[in-house]
Amino acid sequence: KLGVVGSWYHIFQLEGYIFFGTASRFHRHVKRHLADADARKKRAQHDKYLIFDLTAVVGMDATAAIAFIKVARLVRSRGATPVWAGLSASVRSRLDGFRVVDLSESFSSLDHAEKYVEDRLLEHTHTLAQKWLVDPAASPIHRHAVLPEAITPSHTADPAVRPGQPPRHPAKVPVPAGHFVFP
């Protein structure tokens, strides 16, 4: 499952001292990333989380914090959740002073942030699977449209099955009561 959900988040790493110019370039970079995703991916495949790793950031000025507000708003407007990682005390204080960081979604390290995101995405896929597989109208759609997206040549022994192509199913054979399918 992690192979599938891994495409639902993206990590941005920043370093050094962040001032307005750096933050503005970063905002444009995030905006470009989201626009490219809109053009390249189906809506269901868009990033659900964007992780901003600030472990190597030594500080930022007030104008940079304001640019980060724009980044957070942009991410949320696209239906994604910004997650903050590796905030030093001074950076956390600066961002928190401008109410940029939702403290429930900030973590001491990139590893912790990634684990949090992967856990949320696995919960999300489980919920979707339950919804799709239980609903009799949605189950065929899931089987023929969603499930093949997760299949890649590295996930199947059948080289004829390619990503985006429904897998071939064997023909249904009725088995009379008392008989076995496998010897």
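Computed from a prediction, not measured in an experiment: that's the story for all the values here. (Residues numbered from 1 in each chain as written. Predicted model: local features only at pLDDT ≥ 70, side-chain atom pairs only at ≥ 80, totals over all residues. Heavy atoms only, no water.)

Trainee: For the overall build of the protein, give the residues involved together with the corresponding values.
Mentor: Broken down by element type, the protein carries 6 helices and 4 strands. Starting at the N terminus and walking to the C terminus, you meet the elements of the protein as α-β-α-β-α-β-α-β-α-α. With 183 residues in all, the protein has 35% of them scored as buried. Of the contacts formed within the protein by residues at least 6 apart in sequence, a portion of 68% connects residues at least 24 apart. Carbon and sulfur atoms provide 60% of the accessible area of the protein, an area that totals close to 11,400 Å². (Helix = DSSP H or I, 4+ residues; strand = E, 2+ residues; numbered from the N terminus. Buried < 20%, exposed > 50% of the residue type's maximum accessible area, 1.4 Å probe, protein only. Contact = heavy atoms within 4.5 Å. Areas by Shrake-Rupley, 256 points an atom, 1.4 Å probe, with all protein chains shown as cover.)

Trainee: Which residues make up the packing of aromatic side chains, and what values go with them?
Mentor: Summed over all chains, the structure comprises 7 aromatic pairs. With 5.9 Å between their ring centres and 85 degrees between their planes, Phe12 and Phe26 make a pair best called edge-to-face. Here the residue Phe12 occupies a position in strand E1 (residues 9-18), and Phe26 occupies one in helix H2 (residues 20-40), the gap between them amounting to 14 residues. For Phe12, a relative accessible area of 4% corresponds to the buried category. Between Phe68 and Trp84 the ring centres are 5.8 Å apart and the planes differ by 50 degrees, which places this aromatic pair in the tilted class. With Phe68 in helix H3 (residues 62-77) and Trp84 in strand E3 (residues 81-85), this pair connects stretches of sequence that are 16 residues apart. (Phe/Tyr/Trp six-rings, centres within 6.5 Å; stacked < 30°, edge-to-face > 60°.)

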